[in-house]
Amino acid sequence: MIKNFKELVEQIKTQVPIQELIAEYVPVKKSGRGYVSICPFHDDHKPSLQIHPQKGIFKCFSCGTGGDLITFYALINKKKWAEAIPELATKYGLKVEYGDENKAEIEIKTKLYDLNRVALNFFKENLYSNNSDAKIALDYVQNKRKLSKETIEKFEVGYAQNTWESLYHHLTKEKNYQQELIVASGLFIPRENQNSYYDRFRNRVIFPIYNEKNNVIGFGGRTLTNEDAKYINSPETLIFSKGFNLYALNYAKDAIKNLDYVILTEGYLDVITAHQHGLTNTVATLGTALTKEQARLLAKYTNSKKICLCLDTDAAGQKAAERTFKISQEISKFVTLDLRVVSDLISKDLDESLNTEGYEKVKTKIENSKPISKFVIEKVTTQYKDSGSEIEKKEILEELMDVITSTADPIEQKENVNYASHLLKIDEELISMKLRDKTRPKRTYKQPRKESEDTMFKMHTIERFKHAELELLTLYINSFPYSDEIKIELSALEFVDEKHKLIKDYLDNMEKRDYSAQGIVDLLILEFNEFKNIMSIISDIALKLEMNEGHYDKSFKIRAIKEAKEWIQWWVQNKQKMKFLTEQLKDSKTVDEENDILQKIMDLVRDNS
């Protein structure tokens with residue numbers, strides 16, 4: 001349990017600009033007094049998400065999602081609102097005070113960090129021991145991989161002995177670690193009888209994996225024999241998750257900030273060699289394809305969002321680049337990236353290329369890397385030109401259309417059409433026509449409504465009474481601490497919307513205190529944070545309070561209550577008719593039938609207008 005929970009919520013809201021947090025996930029643009037962005041919570045193609053920094057509230061006027069910055073962080077990371085608090089606090093350097101309930105887990109994590117550090121020191125000592133296997137390992141990193149003593153020390157390269165239980169005995173017998181912690185570390189594998197364990201890493205060069213805070217969270221090991229698994233990593237543990245971390249980010253983050261781009265590769269030694277040659281903005285994935293969590297980590301350190309992929313130049317590396325392109329289309333819903341591919345290294349990977357070509361040539365190739373979409377288009381068009389079958393060519397052309405249409409940005413899409421046209425020597429308009437055929441929506445029998453009718457329909461069929469109730473709730477909140485008059489007026493009204501009822505009941509039962517409107521909004525968020533639909537209503541209320549600030553005079557109150565009474569009463573009387581008509585509208589078969597039902601709805605609404 002977090003002792004200073006409410007204090008943390010207040011600190012996060014006052015110290016963290018909501019637009020800066022949202023900008024870590026989607027591009028944010030200034031618009032009037034606030035900001036706008038693409039909404040990451042639905043398939044949005046225009047900025048539907050409005051951000052109001054003064055209130056610390058966001059609201060999508062397309063899908064309805066809204067709330068405070070904690071809500072945003074929780075939704076986009078698929079967490080509960082309360083779970084997001086300590087993460088955001090840690091992220092922004094705020095102190096989290098835990099009570100007894102969570103103390104055990106925190107202690108276990110701290111002990112695991114310590115255990116990993118002890119294990120790392122053991123691995124480092126092994127590398128320089130007189131053991132014949134250790135000498136082979138040291139020769140491998142110094143002579144075959146050409147790592148200097150300074151680089152080996154900086155990256156704390158070590159060696160796991162060619163025995164079954166050397167680390168296990170070191171930690172249990174010499175360091176007296178408890179069995180529960182040994183199991184939780186992931187450094188050991190249970191034997192079949194489950195009564196004992198053996199070392200996960202054996203006869204391997206060891207590379208420690210750090211998080212951003214320089215805690216040792218796991219290890220990678222490179223075999224020195226011909227084992228099938230050339231590299232293995234620590235398994236998922238309480239402190240280590242492959243998809244959420246990047247190798248050497250702790251070393252590279254400052255250089256990434258300064259240079260405003262990152263070099264992303266696959267191997268530990270690619271990264272270490274790159275840093276040794278001066279490419280200190282290099283990191284690596286941990287045996288996974290690029291994940292959205294890793295993309296967010298990298299995007300946090302760059303304004304350009306530029307990531308240069310330096311993958312292996314063999315077939316597997318090329319496939320990995322194509323796979324990254326497909327994944328990047330999904331990632332782009334959450335993080336905008338400028339993904340590029342370095343495709344002209346002369347050796348099989350970044351490590352060998354640096355040792356063969358040297359720093360300057362490799363750096364130039366990285367700087368001239370091509371957008372990943374162009375790289376994939378080149379691969380597809382090469383297959384097209386090499387194909388001798390017309391049927392196969394058609395299939396490859398369809399694949400090309402899929403590549404082009406998967407890019408949401410229309411400017412980039414246009415450039416890709418032009419590039420494909422150039423490579424295939426096919427007229428650009430022909431590719432564009434095929435593209436239009438692929439993306440053209442299917443025609444339906446229904447004709448578009450006139451704008452005036454459509455506007456009226458939208459205005460009234462979204463249940464006008466809900467707007468009246470929302471106005472009353474806003475008025476109620478703004479009347480605190482002198483809310484008795486409004487409370488009496490509202491007690492005579494029976495709210496229709498269940499979510500509005502819950503908010504009204506909460507306000508009715510609040511203790512008498514000198515609350516500000518913003519203070520009440522904050523209390524509502526604390527109370528209803530796990531209910532997405534209610535959070536959307538609270539964000540609506542917060543925006544209404546901002547827009548109507550200073551307008552809640554006596555005449556406004558009288559008018560708002562009068563109109564709300566009329567609309568609520570109208571809805572109670574006519575809801576069955578409206579429900580019947582809207583169901584008929586959905587089932588209408590012809591345009592005439594649809595227009596006839598729409599007219600009945602308009603007539604029903606006008607009776608109360």
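Residues numbered from 1 in each chain as written. Predicted model: local features only at pLDDT ≥ 70, side-chain atom pairs only at ≥ 80, totals over all residues. Heavy atoms only, no water.

*Asks:* Would you explain the overall build of the chain in this entry?
*Replies:* Broken down by element type, the chain carries 27 helices and 16 strands. In the chain, of all internal contacts separated by at least 6 residues, the share reaching a separation of at least 24 is 65%. Of the roughly 31,600 Å² of accessible surface on the chain, a fraction of 49% belongs to carbon and sulfur atoms. (Helix = DSSP H or I, 4+ residues; strand = E, 2+ residues; numbered from the N terminus. Contact = heavy atoms within 4.5 Å. Areas by Shrake-Rupley, 256 points an atom, 1.4 Å probe, with all protein chains shown as cover.)

*Asks:* What should I look at first to understand the state of the cysteines in this one?
*Replies:* Note on terminology: disulfide describes a covalent bond linking the sulfur atoms of two cysteines. Counted under the stated rule, the structure contains zero disulfides. With no disulfide partner, Cys39 has as its closest neighbouring cysteine sulfur the one in Cys60, 3.7 Å distant. (Disulfide = S-S within 2.5 Å.)

*Asks:* What exactly am I supposed to notice about helix H17 (residues 390-405) here?
*Replies:* An ideal rise of 1.5 Å per residue puts 22 Å on 16 residues; H17 measures up with 23 Å between its terminal C-alpha atoms. When H17 is considered as a whole, its buried residues turn out to be Lys393, Ile396, Leu397, Leu400, Met401, Val403 and Ile404. Seen from one end, H17 has its buried residues packed into an arc of 155°, which puts them on one side. Looking at H17, the residues exposed on the side facing more than 90 degrees away from the buried face are Ile391, Lys394 and Glu395. (Expected span 1.5 Å × (residues − 1). Buried < 20%, exposed > 50% of the residue type's maximum accessible area, 1.4 Å probe, protein only. Arc of directions from axis to C-beta.)

*Asks:* Sorry, what's going on with the sheet that holds strand S12 (residues 261-265) here?
*Replies:* Consider a sheet: its strands pair through backbone hydrogen bonds, and that pairing is either parallel or antiparallel. If you trace the five strands from one edge of the open sheet to the other, you get S13-S12-S14-S15-S16, paired in mixed fashion. Of all strands in the sheet, those with a lone pairing partner are strand S13 (282-284) and strand S16 (370-371), marking the two edges. Where S12 and S13 come together, three bridges link them in parallel fashion. By the bridge assignment for S13, Ile263 is matched with Thr282. Docked against the sheet, helix H11 (residues 268-276) engages S12 and S13, running at close to 170° with respect to S13. (Pairing = 2+ DSSP bridges. Axes fitted to C-alpha atoms, helices over the stretch in contact; angles between N-to-C directions.)

*Asks:* Explain the nonpolar core here, please?
*Replies:* Soluble globular proteins: nonpolar side chains tend toward being buried together. Among the nonpolar cores identified, the biggest contains 58 residues, and Ile70, Ile503, Leu507 and Ile538 are the most heavily contacted of them. At eight residues, the largest contribution of residues to this core is made by helix H25 (residues 532-547). Aside from chain neighbours lying at most four places away, what touches Ile538 is Ile503, Val521, Leu524, Ile525 and Phe528. Residues Leu246, Val262, Tyr301 and Leu339 belong to the second largest nonpolar core, which totals 40 residues. (Core = buried A, V, L, I, M, F, W, Y, C linked by side-chain atoms within 4.5 Å.)

*Asks:* What's the story with the pairing of strand S10 (residues 216-223) in this structure? I'm lost.
*Replies:* Strand residues, when the strand is regular, have side chains that alternate between the two faces of the sheet. The element S10 is extensively covered by neighbouring structure, given that eight of its eight residues are classed as buried. Where strand S9 (residues 204-210) lies against S10, seven bridges are found, and the strand directions are antiparallel. Counted as the bridge partner of Tyr210 is Val216 from S10. If you look at the hairpin formed by S9 and S10, you'll find five residues sitting between the two strands, and Asn214 has a positive phi there, around 65°. The pairing of S10 with strand S11 (residues 231-233) spans three bridges and is classified as antiparallel. Within S11, the position partnered with Arg222 by the bridge is Tyr231.

*Asks:* Is there a simple way to think about the pattern of salt bridges in this case?
*Replies:* Opposite charge on two side chains allows them to pair when their charged atoms are near. Summed over all chains, the structure comprises 16 salt bridges. Where Glu87 meets Lys79, a salt bridge forms, and the shortest distance between an N and an O atom there is 2.9 Å. What makes Lys79 partly exposed here is its relative accessible area of 31%. Its salt-bridge partner being Asp349, residue Lys348 comes within 2.8 Å of it at the nearest N-O pair. In this structure Asp349 comes out as buried when scored by relative accessible area, which is 4%. Linked through salt bridges whose partners overlap, the residues forming this network are Lys13, Asp68 and Asp522. (Salt bridge = Lys/Arg side-chain N within 4 Å of Asp/Glu carboxyl O.)

*Asks:* Mind showing me how you'd approach the sheet that holds strand S6 (residues 158-160) here?
*Replies:* Strand order in the open sheet made by the four strands is S6-S9-S10-S11, with antiparallel pairing throughout. Of all strands in the sheet, those bounded by a partner on one side alone are S6 and S11. The mean inter-strand angle of the sheet, taken between neighbouring strand axes irrespective of direction, is 35°.

*Asks:* Looking at this model, I keep getting lost on the confidence of the model for the chain. Mind explaining?
*Replies:* Parts of the model with low pLDDT should not have their predicted coordinates read in detail. Scored by pLDDT, the chain has a mean of 82; 84% of the residues are at 70 or more. Per-element confidence in the chain ranges from a low mean pLDDT of 41 for helix H20 (residues 451-461) to a high of 98 for S6. (pLDDT = per-residue confidence, 0-100.)

*Asks:* For this particular structure, what's the right way to read the pairing of S9?
*Replies:* Most of S9 is tucked away: seven of the seven residues are buried. The alternating pattern of S9 places Arg204, Ile206, Pro208 and Tyr210 and Val205, Phe207 and Ile209 on opposite faces, both of which are buried. Across three bridges, the pairing between S6 and S9 is antiparallel. Opposite Ala160, over in S9, you have Arg204 as the bridge partner.

*Asks:* Teacher, can you tell me more about the packing of aromatic side chains here?
*Replies:* All told, the structure shown has 16 aromatic pairs when counted by the stated rule. Seen from their ring centres, Trp164 and Tyr198 are 5.3 Å apart, and the 75° between their planes marks the pair as edge-to-face. One end of the pair, Trp164, is in the loop between S6 and helix H8 (166-174); the other, Tyr198, is in strand S8 (residues 197-199), with 34 residues separating them in the sequence. Between Phe201 and Phe219, the ring centres sit 6.5 Å apart and the planes meet at 70°, which makes this aromatic pair edge-to-face. Of this pair, Phe201 sits in the loop between S8 and S9 while Phe219 sits in strand S10, placing them 18 residues apart in sequence. Just as Phe201 is buried, Phe219 falls in that class too. Among the aromatic residues, those joined into a cluster by ring pairs are Tyr25, Phe41, Phe58 and Phe72. Across the ring face of Tyr35, the terminal group of Lys30 is positioned such that the distance to the ring centre comes to 5.1 Å. Looking at Lys306, its charged tip hangs above the ring of Tyr261, at a distance of 5.3 Å from the centre. (Phe/Tyr/Trp six-rings, centres within 6.5 Å; stacked < 30°, edge-to-face > 60°. Lys NZ or Arg CZ within 6 Å of the ring centre and 35° of its normal.)

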